Amino acid sequence: MSEIRLTINGHERGFDGVSPHTRLLDFLRDQGLTGAKEGCAEGECGACAVLVARPDGEDRTRWTSVNACLPPAVAFDGQEVVTSEGLGTAPGPRGPGQLHPVQREMATRGGSQCGYCTPGFVCAMAAEYYRPERSSADAPAHDQTGTDVQGEEHAADHECGPNGFDLHALSGNLCRCTGYRPIRDAAYALGEPGDTDLLRRRQEEPAPKPSHTRIDTAGACFVRPADLGELFDHLEQARDEEQEVRLVAGATDLGVEVNIRHVRPPVVLAVDRLDELRTLRFGDDQIEIGAALSLSEVERGLGGRVPLLDQLFPQFASRLIRNAATFGGNLGTGSPIGDSAPVLLALGASVVLASKGGDREVPLAAYYTGYRESVRRPDEILRAVRIPLPLADHAAFHKIAKRRFDDISSVAVAIAIQVDDAAAITSARIGLGGVAATPIRAREVEAALIGQPWTRETAVNAAALLARQGTPIDDMRASARYRSAMLEQSLLKFWAQQQPAQAQEVTR
């Protein structure tokens, strides 16, 4: 099979000879849809943003914004994509054409100057415009002290306007050629989609089902297996033929390697739409999160049940990335600076590894064996993440980076402790990123905390010990000395944040 079928701006078309490594961005531009641009090629600037129809339950569709520069075009076989050109109506025999409300407000309020980044902004804004939960009646008070969506010192994690528009929907769109104010004004001027809006009406119908895709061209193979059994068969075949295999869900990691390092894996297996990897189950003693659910889907599905994850999500890259990235991908890459691992370590999470022989559960703290190495066998996949219940009452995630949002961590610290009625610490888990070859637990510090009274003296002593954890290095993001200092300060900050306001004044 060498043809893919893709609905673009409402028109279904078939395409032959598409390479498994042709990016969605290049594919669209080859069709003359040049609104989406390449800026960074790493999923950080948002100039390439487009809308994709994704499931919102069984019977509805959610318009989701993603970076087109990262995923392969063949991953969208059978799917629906809308570019900036497809939002408005073009002039023709029936009339002069009409701008989409987002396009109109951006133009009216001067939200565009050179225009290079504008189509990406428009698509990201359109996804938020159609977000079902967006409502002016439910909009929180707007924080007037922080206007920059990138999260300057006083900006809130969710800065919403009077119309319920969450500005963090634009956290992955970095261009600011006009200044941010007119873009914010355009976002806050948007009303509700009308009943005749075709994209709104499309949301009332089911999203496209995943296609059973197989593309063999240019010495590479892309396969979207129908189920887990077929996936294991392909893994076995590739192992027998000594071919490198890469599993892909959102392609937020592999896409960067393809773009920047020119990696071309011979076999790519898409797992993002496998039902067995898209579970979200709540039990009495644990929560199971499927490895192929996007982080945005996880955030909506959890609905605030895991407060520590609620602290993670706004600081994990951008909304554009979270709409595609998964826990399975973030943990599977084994990066020592991946943001999810420290948080999941603090939660005491485990990973479920699946193979033809069945499942096995491994504590995340025992999963990594070295830099980007783990206990996962070649015949296994990471199927799910399990978080034990009950959760600790006191928890925090501190990400130290050059930008508060849409940046890579220099250091990441997640802390979860339980304190009894006598103010003694009964349990402690601390996950660290950016200070060793793998994400690690600060077990020495945890042991020093358990059984101690939760006082400033305890926090100071434990913080000094935390500063000596790991093997931090000097690199372009931070020095080893700075990383150690941030470890110490993170625990002192955590203690101060847990105290009543009066106690915080005394400690200053």
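In this text, all values refer to a predicted model and were calculated from it rather than measured experimentally.

Spatially, the five strands line up as an open sheet ordered β2-β1-β5-β3-β4, and their pairing is mixed. Looking at which strands have only one partner, the edges of the open sheet turn out to be β2 (11-16) and β4 (61-67). Neighbour-to-neighbour, the strand axes of the sheet open up by a mean angle of 35°, direction not taken into account. Looking at chain direction, strand β3 (residues 49-55) and β4 are connected through seven bridges and run antiparallel. Its bridge partner being in β4, L51 is matched across the sheet by S65. Helix α3 (residues 118-129) contacts β3, β4 and β5 (80-82) of the sheet and is inclined by roughly 25° relative to β3.

What you see with strand β7 (residues 220-223) is no split at all: A220 and F222 on one side and C221 and V223 on the other are buried throughout. When strand β6 (residues 214-217) meets β7, the two strands line up antiparallel, connected through four bridges. Opposite R214, over in β7, you have V223 as the bridge partner. Connecting β6 to the next strand, β7, in antiparallel fashion are two residues, including A218 with a positive phi near 55°. Relative to strand β9 (residues 267-270), β7 is paired through three bridges, and the arrangement is parallel. Residue pairing in the sheet places V223 in a bridge with L269 of β9.

A word on the layout of surface pockets. In this structure, the second largest pocket encloses a volume near 910 Å³. Considering the residues around the second largest pocket, the lining is formed by 49 residues, among which R62, S296, R300, R319 and N323 are closest to the centre. Secondary structure elements with two or more residues in the lining of the second largest pocket: β3, β4, α3, α8 (295-302) and α10 (319-322). If you tally residues by element for the lining of the second largest pocket, the top one is β4, at six residues. Grouping the amino acids of the lining of the second largest pocket by side-chain chemistry returns 21 nonpolar, twelve polar and 16 charged.

This part covers the pattern of salt bridges. Considering all chains together, one arrives at 32 salt bridges under this definition. A salt bridge links D185 to R181, with the shortest nitrogen-to-oxygen separation between them at 3.1 Å. On the criterion of helical spacing, the pair formed by D185 and R181 is a turn pair, its members being four residues apart in helix α4 (residues 181-188). Residues R246 and E257 are paired through a salt bridge, measuring 3.1 Å at the closest nitrogen-oxygen approach. A residue pair is termed long-range when its members are at least 10 positions apart, and R246 in strand β8 (residues 245-248) and E257 in helix α7 (residues 254-260) qualify at eleven residues. Sharing partners across several salt bridges, the network here consists of R281, E288, D359, E361, R383 and R386.

The rules behind each value
Residues numbered from 1 in each chain as written. Predicted model: local features only at pLDDT ≥ 70, side-chain atom pairs only at ≥ 80, totals over all residues. Heavy atoms only, no water. Pairing = 2+ DSSP bridges. Helix = DSSP H or I, 4+ residues; strand = E, 2+ residues; numbered from the N terminus. Axes fitted to C-alpha atoms, helices over the stretch in contact; angles between N-to-C directions. Contact = heavy atoms within 4.5 Å. Buried < 20%, exposed > 50% of the residue type's maximum accessible area, 1.4 Å probe, protein only. 1 Å grid on protein atoms, 1.4 Å probe; cavity = no way out; pocket = protein on both sides within 12 Å on 5 of 7 lines; lining within 4 Å. Points joined across faces, edges and corners; volume = space filled by probe spheres on them. Nonpolar A, V, L, I, M, F, W, Y, C, P; charged D, E, K, R; others polar. Salt bridge = Lys/Arg side-chain N within 4 Å of Asp/Glu carboxyl O.

Taken by themselves, the reported measurements are silent on function.
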